[in-house]
Amino acid sequence: MSILEVENVSIQFGGVKALDDVSYKLEKGEIFSLIGPNGAGKTSMLNCISGLYKPASGSIRFKGQEIIGMKPYKRTSLGIARAFQNIALFEHMSVLDNLKLGRHVKMKAGLFSSGLYWGAAEKEEVNHRHSVEQVIEFLEMQDIRHTPVGTLPYGLKKRVEVGRALALEPEVILLDEPMAGMNSSEKEDMARFILDMHELNGITVFLIEHDMGVIMDLSDKIAVLDFGKRIGFGTPEEIQENPDVIKAYLGEQEVTT
Amino acid sequence: MKNPFVMECGNYKTRYDKDMAIFSTKRVKVRMLTLTLLAFLFPLLADSYIIGLATLCAIASIGAIGLNILTGFTGQISIGVGAFLGVGGYTSAILTSTLGWSFWIALPVAGIVTASVGALFGIPSLRLKGLYLAIATLAAQFIILFVISRWTGVTGGTSGMVLQRPSIGSFSLMSASSYYYLCLMILLFTIVYSLNIFRSRTGRAFLAVRDRDVAAQIMGINLFTYKVLSFAISSFFVGVAGALLAHYTMIVSPELYSITVSIQYLAMILVGGLGSILGAVLGAIFITLLPVGLGMFVDQFAVYMPDMQNTLAAFQELAFGAAIILFLIFEPGGLAHIWSNIKNYFKLWPFSY
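Residues numbered from 1 in each chain as written. Chains lettered and ligands numbered in written order. Predicted model: local features only at pLDDT ≥ 70, side-chain atom pairs only at ≥ 80, totals over all residues. Heavy atoms only, no water.

Under an unreviewed UniProt entry, chain B has the name Branched-chain amino acid transport system permease protein and belongs to Halobacillus dabanensis. Checking UniProt for chain B, the heading Subcellular location (unreviewed entry) contains the comment "Cell membrane". (UniProt positions renumbered as here; feature names shortened; annotations may be inferred.)

In the annotation of an unreviewed UniProt entry, the entry for chain A reads Branched-chain amino acid transport system ATP-binding protein, and the organism field reads Halobacillus dabanensis.

(A) Here's a closer look at the overall build of chain B. Each helix and strand in chain B was counted, giving 15 helices and four strands. On C-alpha atoms alone, chain B measures out to a radius of gyration of 21 Å, which is about the 20 Å that the 2.2 N^0.38 rule sets for 353 residues. Counting all 353 residues of chain B, 48% fall into the buried class. Of all intrachain contacts in chain B linking residues separated by at least 6 positions in sequence, the fraction that spans at least 24 positions is 77%. For chain B, the accessible area works out to roughly 17500 Å², and carbon and sulfur atoms hold 71% of it. Positive and negative side-chain charges of chain B, numbering 20 and 11 respectively, have mean locations separated by a distance of 16 Å. (Helix = DSSP H or I, 4+ residues; strand = E, 2+ residues; numbered from the N terminus. Rg over C-alpha atoms; globule rule 2.2 N^0.38 Å. Buried < 20%, exposed > 50% of the residue type's maximum accessible area, 1.4 Å probe, protein only. Contact = heavy atoms within 4.5 Å. Areas by Shrake-Rupley, 256 points an atom, 1.4 Å probe, with all protein chains shown as cover. Lys, Arg positive; Asp, Glu negative; His and termini not counted. Charge placed at Lys NZ, Arg CZ, Asp CG, Glu CD.)

(B) Region of interest: the interface of chain A and chain B. On the side of chain B, 31 residues touch chain A, which itself brings 38 residues to the contact. Put simply, chain A and chain B have two salt bridges between them. The residue Glu-125 of chain A makes a salt bridge to Arg-204 of chain B at a minimum N-O spacing of 3.1 Å. Across the contact surface, chain A and chain B share 18 residue pairs in polar contact (both at pLDDT 80 or more). Counting residues per element, the ones that place at least two in the side of chain A that touches chain B are helix H2 (72-78), helix H3 (95-102), helix H4 (111-116) and helix H5 (120-138) of chain A. (Salt bridge = Lys/Arg side-chain N within 4 Å of Asp/Glu carboxyl O. Polar contact = N/O pair within 3.5 Å; in protein donor to acceptor, adjacent residues only side chain to side chain.)

(C) Spotlight on a nonpolar patch on the surface. All names here are of chain B. On the surface, Phe-297, Phe-301, Val-303, Tyr-304, Met-305, Met-308, Phe-315 and Leu-318 cluster together to form a nonpolar patch covering roughly 820 Å² of accessible area. Sorting the residues of the nonpolar patch by element identifies helix H13 (277-304) and helix H14 (309-330) as the ones contributing at least two each. Take the nonpolar patch: its biggest share by element is four residues, from H13. (Patch = residues over 30% accessible without salt bridge, like charges linked within 9 Å, V, L, I, M, F, W, Y side chains within 5 Å.)

(D) Summary view of the UniProt feature "domain: ABC transporter" (unreviewed entry) in chain A. Residues annotated by UniProt as "domain: ABC transporter" (unreviewed entry) correspond here to residues 4-252 of chain A. Between the first and last C-alpha atoms of residues 4-252 of chain A the distance is 34 Å; the span itself is 41% helix and 24% strand.

(E) Fine view of the nonpolar core. Grouped together as the largest cluster of nonpolar side chains are 87 residues, with contacts concentrated most on Phe-90 of chain A together with Phe-198, Ile-221, Leu-244, Val-252 and Tyr-265 of chain B. Every residue in contact with Val-252 of chain B, bar those within four places of it in the chain, is listed here: Gly-89, Tyr-90, Ala-93, Gly-160, Met-161, Leu-163, Ala-246 and Tyr-257 of chain B. With 44 residues, the next largest nonpolar core counts Ala-167, Leu-168, Leu-175 and Val-205 of chain A among its residues. (Core = buried A, V, L, I, M, F, W, Y, C linked by side-chain atoms within 4.5 Å.)

(F) Representation of helix H5 (residues 103-122) of chain B in the model. Residues and elements named next belong to chain B. For H5, which comprises 20 residues, the first-to-last C-alpha distance of 28 Å matches the rise-based estimate of 28 Å (1.5 Å per residue) to within 8%. For H5, the set of buried residues is Phe-103, Ala-106, Leu-107, Ala-110, Gly-111, Thr-114, Ala-115, Gly-118, Ala-119, Phe-121 and Gly-122. Against helix H4 (81-98), helix H6 (130-150), helix H8 (176-197) and helix H11 (223-249) lie the buried residues of H5. Measuring from the backbone nitrogen of Trp-104 back to the side-chain oxygen at the start of H5 gives 3.1 Å, which picks out Ser-102 as the cap. (Expected span 1.5 Å × (residues − 1).)

(G) Representation of the packing of aromatic side chains within the structure. This structure, assessed with the given rule, holds 20 aromatic pairs over all chains. Ring centres 6.4 Å apart and planes at 55° place the aromatic pair Phe-198 of chain B and Phe-206 of chain B in the tilted group. Three or more aromatic residues joined by ring pairs make a cluster, and in this case those are Tyr-24, Phe-32, Phe-206 and Phe-233 of chain A. In this structure, Arg-165 of chain B is placed above the aromatic ring of Tyr-179 of chain B, and the distance from its NZ or CZ to the ring centre is 4.8 Å. (Phe/Tyr/Trp six-rings, centres within 6.5 Å; stacked < 30°, edge-to-face > 60°. Lys NZ or Arg CZ within 6 Å of the ring centre and 35° of its normal.)

(H) Spatial organisation of the environment of Tyr-132 of chain B. Positionally, Tyr-132 of chain B belongs in helix H6. As for Tyr-132 of chain B and Ile-77 of chain B, which are separated by 55 residues in sequence, their C-alpha atoms are 9.4 Å apart.

(I) Spatial organisation of the pairing of strand E4 (residues 57-62) of chain A. Residues and elements named next belong to chain A. In terms of strand pairing, strand E1 (residues 2-13) meets E4 through five bridges, oriented antiparallel. For Glu-5, the partnering residue across the bridge sits in E4 and is Arg-61. Connecting E4 to the antiparallel partner strand E5 (residues 65-66) that follows it, the hairpin turn spans two residues, and Lys-63 within it adopts a positive phi of roughly 50°. (Pairing = 2+ DSSP bridges.)

(J) Highlighting the state of the cysteines. All names here are of chain B. Evaluation of the coordinates by the stated rule reveals zero disulfides over all chains. Cys-57 takes part in no disulfide bond, and the closest cysteine sulfur, belonging to Cys-183, lies 11 Å away. Residue classification places Cys-57 among the buried residues on the basis of a relative accessible area of 8%. (Disulfide = S-S within 2.5 Å.)

(K) View of the packing of H3 of chain A against H5 of chain A. Residues and elements named next belong to chain A. Packing of H3 against H5 leaves a shortest axis separation of 10 Å and a crossing angle of 105°. As the angle between them shows, H3 and H5 are arranged roughly perpendicular. Residue-level contacts link Leu-96, Leu-99 and Lys-100 of H3 to Glu-125, Arg-129, Val-132, Glu-133, Val-135 and Ile-136 of H5. Its residues assigned to classes, the contact of H3 with H5 shows five nonpolar, no polar and four charged. (Axes fitted to C-alpha atoms, helices over the stretch in contact; angles between N-to-C directions. Parallel < 35°, antiparallel > 145°, perpendicular 65-115°, else oblique. Nonpolar A, V, L, I, M, F, W, Y, C, P; charged D, E, K, R; others polar.)

(L) Region of interest: the packing of helix H12 (residues 259-272) of chain B against H13 of chain B. Residue and element names in this part refer to chain B. Following both chains from N to C, one finds H12 and H13 inclined at 125°, their axes separated by 7 Å at the closest point. It follows that H12 is oblique to H13 by the angle criterion. H13 is crossed by H12, and the crossing has right-handed handedness. When H12 is examined against H13, the residues Gln-264, Ala-267, Met-268, Val-271 and Gly-272 are found in contact with a partner set consisting of Gly-279, Gly-283, Ala-284, Phe-286, Ile-287 and Thr-288. Tallied by class, the residues present in the contact of H12 with H13 amount to six nonpolar, five polar and no charged. (Left-handed = near helix turned anticlockwise from the far one by under 90°.)

(M) Spotlight on the side chain of Ser-262 of chain B. All names here are of chain B. By the element assignment, Ser-262 lies in helix H12. The buried category is assigned to Ser-262, whose relative accessible area is 0%. The residues touching Ser-262, leaving out its near neighbours within four places in the chain, are Ile-79, Gly-80, Val-81, Gly-82, Ala-83 and Gln-141.

(N) Up close: the pattern of salt bridges. Residue and element names in this part refer to chain A. For the structure on display, the rule yields 22 salt bridges over all chains. Between Glu-5 and Arg-61 there is a salt bridge, and its shortest N-O distance comes to 3.4 Å. Residue Glu-5 is located in strand E1, and its partner Arg-61 is located in strand E4; the two are separated by 56 residues in the primary sequence. Accessibility expressed as a relative area gives 13% for Glu-5, which makes it buried.

(O) Representation of the environment of Arg-145 of chain A. All names here are of chain A. Mapping Arg-145 onto the fold places it in the loop between H5 and helix H6 (154-166). In this structure, the C-alpha to C-alpha distance between Arg-145 and Asn-98, residues 47 residues apart in sequence, is 9.7 Å. Other than its neighbours up to four places away in sequence, Arg-145 contacts Ser-94, Val-95, Leu-96, Arg-129, Glu-133 and Ile-136.

(P) View of the domain arrangement of chain A. Residue and element names in this part refer to chain A. Examined at the domain level, chain A breaks down into domain 1 (1-77 + 205-251) and domain 2 (80-169). Spacing between the C-alpha centres of domain 1 and domain 2 amounts to 28 Å. Of the residues lining the interface, 11 residues belong to domain 1; the matching set on domain 2 comes to six residues. A combined buried area of about 690 Å² lies between domain 1 and domain 2, and 63% of that area is made up of carbon and sulfur atoms. (Domains from an automatic or database assignment. Buried area = accessible area lost by both parts, 1.4 Å probe.)

Okay, structure coming up:
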């Protein structure tokens with residue numbers, strides 16, 4: 001069964017159709033990439049999935065359950081995590097606290113137990129600290145765990161952003177351009193992390209990225225958007241040969257006689 | 001014996017619960033214990049005027065911590081603190097004087113009533129941000145004061161109400177030091193509670209709402225619940241402070257809870273440091289004692305220049321404003337930041353790098 005099914009989703013802002021009748025499916029345990037030129041509607045698509053936008057029509061199903069109309073914070077507890085394109089970390093908090101926030105829905109402590117910090121609440125903090133430390137180890141951030149995120153360099157912030165999504169132990173992770181603005185060695189690290197989380201933890205990855213080399217190497221399936229329309233869907237090989245995709249990226253060859 | 005004044009370095013933890021403790025090293029614990037002991041012992045040496053000032057500082061600290069939870073930690077600005085203090089004070093006054101309840105029940109009930117009123121006025125915060133929310137809370141200030149001064153049958157209108165000091169059995173907390181101890185205990189509880197909140201789930205959610213509300217939503221935080229919760233818990237402490245203040249001055253009347261009080265509390269957390277429990281306490285002490293200090297200074301000075309007394313009195317107000325402006329310009333982090341700078345300096349002392 002597909003883990004995430006997007007069917008005929010459309011949304012418009014004023015006269016602009018940001019998404020026009022887009023459909024595709026994510027199978028459990030695959031790396032899926034959504035590509036397209038700037039302004040094609042990729043981030044709008046993610047916003048529809050995580051609940052920041054409400055599509056005008058269509059349906060988005062997570063494990064068979066319709067999630068359109070569900071509040072964003074409820075979708076998180078289903079197991080959908082997201083890393084933002086323009087880093088949206090909690091700048092004044094340490095890396096550790098940012099990651100712990102990623103586990104917010106997995107924790108229970110309320111106003112009273114938090115305030116007393118005794119017995120169950122303390123045990124909970126320690127248990128979740130264990131899980132968070134695993135993410136820290138996985139992303140190789142041991143030396144910065146107590147550093148306030150605001151003071152970190154860009155590349156590390158991106159990594160914390162991915163870490164915060166991973167801390168949720170999600171079934172699907174939505175990564176919005178996790179490698180934007182990185183140099184090639186940082187990109188290599190990030191690609192390795194994506195492959196590892198996919199292989200070791202069996203997380204389904206939904207990736208938005210501009211670097212074609214990375215996309216073609218990592219992805220199992222690719223969907224291509226252009227001006228809100230899906231113009232291609234398939235394996236990397238199929239996409240590379242798709243004439244519509246080539247047209248969108250390279251333009252049309254002029255007919256010369 | 002190591003030098004007790006230098007900061008500890010190379011402090012490594014082997015367990016997570018140790019790493020997440022409020023006071024991380026033995027030395028810090030000893031220091032905090034000493035400070036608490038000093039706070040408990042000093043009434044033995046001071047006269048009742050000083051103890052009275054200390055009581056006011058403790059009460060203001062409770063209120064300032066409450067406001068800081070809302071404004072400093074959750075990022076929701078509120079100009080209605082004065083009125084919320086009034087809700088706490090009047091609730092306790094009505095419960096103890098009119099209905100004859102015991103103070104020990106009236107105090108938490110005053111907190112809970114203020115929390116409900118605060119939560120009610122916090123509901124618009126889902127849609128309103130920044131200055132707009134400030135204006136909405138300003139409306140709270142005026143609505144509450146209007147109700148207090150017009151609902152004559154219950155609140156006594158503009159003439160106010162008279163309260164009694166609480167008593168345990170037959171022992172009344174009439175003396176300055178006994179009431180000081182009561183306020184100090186409640187302040188300690190408030191400090192510990194809020195320190196705990198901000199190292200666990202609920203407090204982290206508050207901080208997340210302040211730093212990035214969109215991301216907080218995606219992390220699974222219900223913005224509405226947590227904003228209202230923050231208003232409620234903040235107002236609870238403000239209400240308790242209001243009740244304590246009312247039983248200390250033994251009178252409540254509408255003009256004691258004007259917008260000036262709201263501004264004063266905002267000044268406390270600005271001068272002390274937004275988003276810091278220590279800052280709230282330091283700021284409350286600073287703002288409470290500043291007029292007293294300035295007044296003493298003016299009195300001293302007036303001896304030499306008797307004809308200047310009126311001018312100097314005006315100067316007092318000026319200095320109050322100037323202090324706040326200087327803090328905003330030169331140390332936006334507030335007193336708490338100055339303190340952490342001093343600590344960091346001595347961490348490496350006497351080597352500057």
